[in-house]
Every structure is written in structure tokens, then in C-alpha cells.
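Take a look at the letters that make up each chain.
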Amino acid sequence: MLIYLLWFIFFAIIIFFGGVFMWTLKRGPVESESDGADLEEWTCPSCSFQVQMGMECIYCGEKKPAV
Ligand SMILES: [Zn+2]
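The notes below deal with the structure included here. Just so we're clear, the structure is a prediction, and the values are computed from it rather than from any experiment. (Residues numbered from 1 in each chain as written. Predicted model: local features only at pLDDT ≥ 70, side-chain atom pairs only at ≥ 80, totals over all residues.)

1. Thoughts on the overall build of the protein chain
- A count of helical and extended segments in the protein chain gives one helix and two strands.
- Starting at the N terminus and walking to the C terminus, you meet the elements of the protein chain as α-β-β.
- Residue burial in the protein chain is summarised as follows: out of 67 residues, 1% are buried.
- Put simply, 0% of the contacts in the protein chain that link residues at least 6 apart link residues at least 24 apart. (Helix = DSSP H or I, 4+ residues; strand = E, 2+ residues; numbered from the N terminus. Buried ≥ 20, exposed ≤ 12 C-beta atoms within 10 Å, placed from the backbone. Contact = placed C-beta atoms within 7 Å.)

Written out as C-alpha cells, the structure reads:
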């Protein structure tokens, strides 16, 4: 009967680490989204040009405002 208890504990540990692993995988894309912030479209405050990507306006060289 003790062997069943050991198997139960073994599977509980496997499921626990599996859950932590899945949780880490779920967090991954969220972090990469914040890294890809320079791919977001923004409007230049100086010339109102719609900058498709990058941290600098290609028309007047204005830096992307930190919002
Ligand atoms: Zn500009």
C-alpha cells in the first residue's frame, strides 16, 4: 500500500513542476510583447507623422515620447 502513496507523491510533484513550467511559458509571450514596444505605431508630437515602427520619427528625428 505504501508504494501507491509514493507514486501519488511522485505524480503530485510532476504535476506541480508541470504547472510551474506551463506558467513560465504563459508569462513568456507577455514579456516579449513589452520588448516589441518599438514595433508599435505612434504619432510624432512635432510633425504629427504616423511612425509605423522604430523609436525615432523619420521626418524630423523626434524621439518617441515615453508614455
Ligand atoms: Zn516628426
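2. A closer look at the environment of Leu-39
- Note that Leu-39 resides in the loop between α1 (2–35) and β1 (42–43).
- Measuring from C-alpha to C-alpha, the distance between Leu-39 and Gln-52 comes to 7.3 Å, with 13 residues separating the pair along the chain.

3. Describing unusual backbone geometry
- The backbone phi angle of Ser-48 is positive, close to 60 degrees, even though this residue is not glycine.
- You can see Ser-48 is positioned in the loop between β1 and β2 (50–51).
- Residue classification places Ser-48 among the exposed residues on the basis of 9 C-beta atoms within 10 Å.

Coordinates in, geometry out; function isn't part of it.
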